[in-house]
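Spelled out, the chains give:
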Number of protein chains: 2
Amino acid sequence: MPRIHFQQQLVALKDKLLAMAALSQQALHLSVEAYITSDMGLCDHVIEIEAGINAAETSVDEMAYDLLAKEQPMAIDLRFILSVIKINGDLERIGDQATNIAQRAQILNDLPKISLPVDISEMGEKVGIMIRRAIQSLLEADAKLAESVLAMDDEIDQMNRAVQSELVEVMQRQPAVSSQALNAIIVSRNLERAADHATNIAEDVIFWVRGSDVRHKFSLAEAD
Amino acid sequence: MPRIHFQQQLVALKDKLLAMAALSQQALHLSVEAYITSDMGLCDHVIEIEAGINAAETSVDEMAYDLLAKEQPMAIDLRFILSVIKINGDLERIGDQATNIAQRAQILNDLPKISLPVDISEMGEKVGIMIRRAIQSLLEADAKLAESVLAMDDEIDQMNRAVQSELVEVMQRQPAVSSQALNAIIVSRNLERAADHATNIAEDVIFWVRGSDVRHKFSLAEAD
C-alpha cells in the first residue's frame, strides 16, 4: 500500500476521533443543561447520544488497530495512533459522566425543587472550555494549548471541594434537603472527573506532539 | 532481532504488568483497611504505593511502545500489547481510587467516631476478588474467568446504590453526622469505580484472548 494512502488514513482516523469528540462535548453540555433546567427530554437525548458515543468508540479503536496491524507505523505516526486509542477511551468516559449527570437530573426531578448555594452551571462551562481546548490542541497539534488545559484542572478541583464543603453544611442545617444536596455533590464530582479526562487528553496530545510523557508530573492524584 | 527474543520480551512485559497489578491490588486492600481501622500510618503507606504505581505505569507504557515501534507485531501479539497498554491505565486508576479512599480515611479521622449501617469492608473484599480474578485471567489467558468478573460488577453497582440510599436516610435523621455519612458514600463510589476498572481489565483480556470486543455489550453505563 503506498505511503500517501497511509497518510490519508491517518487523517481519516483523526476526523473520526474529532466527530466522536464533538459527541462527547455535546453530551456533557446538554447533561448540565438538563440538570439545571430539569428538562427530561434533554436527559433522554443525552442517553441516546451516549449510545452513539459507545458505537463511535468501537469504530475508532478498530480503525486504529487496523492501521497498527497493516501499516506498522514508526515514530510520530505510531505515537499519534497510540494517542488516538487513549483519547478515544477518555472521550467515551466523558460520555459516561454526561450520562450520570443526566441520570442525576432524572432523580432530582422527582424531589421537591429547592435552591442550593452552588453554581453547577459555571463549573459545567469551565469543564466545557477544558474539553474544547483539549480537542482544539489535538486538531492543531498545539502542545502549548494543551498545557493550558492542565492548568485549569486545579481550578476545577478547587471548585469541586468548595461545592462539597458548602453542601455538607447545607445538609447539617437542613436535613430535609439532603437528597438534593447529595445529588449536587455527585454532579460536581462527575464534572470534576470529566475535567480529569480532558486533562488526560491534553497530556496525550503533548505526548504525541513532543514525544514526552507528562503524566504524573503536573498533579499528584487524578481520580475522583 | 530474532523472534525468540521478541517472545521473551512479551513475557517480560507481562511480568512487569503483573508486578504493577500486585501494587494496585495491595493499595486498594490497604486503603479499605486504613479507612475501617483509622490507621493513619497505613494511609501514608497507600499514598507511597501510589507513587510507585505511577512510576510503574510509565515504565510499562514505555516498554509496550518500544515493542510496537521496533518489533511491528502482528495479530495476537499486537492485541496483547494493546491490551497491556489499556490494562496498565486501569491499574493506575485503581491506584488513584485507593489514594482517594486513604484521603477519605484521613478526613474521617478528624471527625467524631460513629457507627454507620453499611458494610464497606465487605464491599472492599468483593472488589478485591474482582481485581484478583481479572489479573488471574490475564495471567492464564482465561476468557471464561474474565467473564465471571463482568458478572460481579452488577452486584457492586447494587451495593453502591444501597449504601447511598441508606446513608441519605441517616443524614436526614441525624444531620450532625452528615460529614461521616458523605465520606462513606464517596468511599463506596470509589470502590464501585475500582470495580469498573477491574471490569475493563477483564474485557481487555477477552479482547486479547478471543479477538472480540465485548465493551458496551454487558452494561449500559460504566462511569461513577
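Everything quoted here is computed from the prediction, not taken from an experiment. (Residues numbered from 1 in each chain as written. Chains lettered and ligands numbered in written order. Predicted model: local features only at pLDDT ≥ 70, side-chain atom pairs only at ≥ 80, totals over all residues.)

Let's talk about the overall build of chain A
Tallying secondary structure elements over chain A gives six helices and zero strands in all. Scanning chain A from its N terminus toward the C terminus, one meets helices and strands in the order α-α-α-α-α-α. Expected size for 224 residues packed as a compact globule is a radius of gyration near 17 Å; at 19 Å, chain A falls within 12% of this value. Dimensions along the principal axes, computed over C-alpha positions, put chain A at roughly 70 × 35 × 20 Å. Residue burial in chain A is summarised as follows: out of 224 residues, 48% are buried. (Helix = DSSP H or I, 4+ residues; strand = E, 2+ residues; numbered from the N terminus. Rg over C-alpha atoms; globule rule 2.2 N^0.38 Å. Buried ≥ 20, exposed ≤ 12 C-beta atoms within 10 Å, placed from the backbone.)

Some remarks on the environment of A141 of chain A
Its location among the elements puts A141 of chain A in the loop between α4 (120-139) and α5 (143-173). Between the C-alpha atoms of A141 of chain A and I114 of chain A, which are 27 residues apart in sequence, the distance is 45 Å.

Notes on helix α6 (residues 178-210) of chain A
All names here are of chain A. The end-to-end C-alpha separation of α6 is 47 Å, in line with the 48 Å expected for 33 residues at 1.5 Å each. Counting buried residues in α6 gives 31 out of 33 residues, a clear majority hidden from the surface. Looking at the residues trailing α6, positive phi occurs at G211, about 75 degrees. (Expected span 1.5 Å × (residues − 1).)

Some details on the nonpolar core
Core analysis: the largest hydrophobic core is formed by 129 residues, its most contacted members being V127, A134 and A198 of chain A together with V127, A134 and A198 of chain B. Excluding anything up to four places from it in sequence, A134 of chain B contacts A146, V149, A198, I201, A202 and V205 of chain B. (Core = buried A, V, L, I, M, F, W, Y, C linked by C-beta atoms within 7 Å. Contact = placed C-beta atoms within 7 Å.)

Considering the packing of helix α3 (residues 75-109) of chain A against α6 of chain A
All names here are of chain A. At a minimum axis separation of 9 Å, α3 and α6 run at an interaxial angle of 170 degrees. The orientation of α3 relative to α6 falls into the category roughly antiparallel. Along the lines of polarity and charge, the residues of the contact of α3 with α6 split into 13 nonpolar, eight polar and seven charged. (Axes fitted to C-alpha atoms, helices over the stretch in contact; angles between N-to-C directions. Parallel < 35°, antiparallel > 145°, perpendicular 65-115°, else oblique. Nonpolar A, V, L, I, M, F, W, Y, C, P; charged D, E, K, R; others polar.)

Overview of the confidence of the model for chain A
Low-pLDDT stretches of the model should not have their predicted coordinates read in fine detail. Looking at chain A, pLDDT values average 90 and 93% of them are 70 or higher. Counted against residues more than four places away or in other chains, residues 218-224 of chain A, with its pLDDT under 50, gives 18 contacts. (pLDDT = per-residue confidence, 0-100.)

Things to note about unusual backbone geometry
Excluding glycine, residues mostly have negative phi values, and the peptide bonds linking residues are mostly trans. Its identity is not glycine, yet Q72 of chain A carries a phi of approximately 45 degrees, on the positive side. Tracing the chain through its elements places Q72 of chain A in the loop between α2 (40-71) and α3.

Quick notes on the environment of L28 of chain A
Residue and element names in this part refer to chain A. Topologically, L28 is positioned in helix α1 (residues 3-37). Look at L28 and you get buried, because 28 C-beta atoms sit within 10 Å. Once the C-alpha coordinates of L28 and A98 are considered, the two residues, 70 residues apart in sequence, prove to be 4.6 Å apart. Setting aside residues up to four positions removed in sequence, L28 forms contacts with I94, Q97, A98, V127, G128, I131 and A194.

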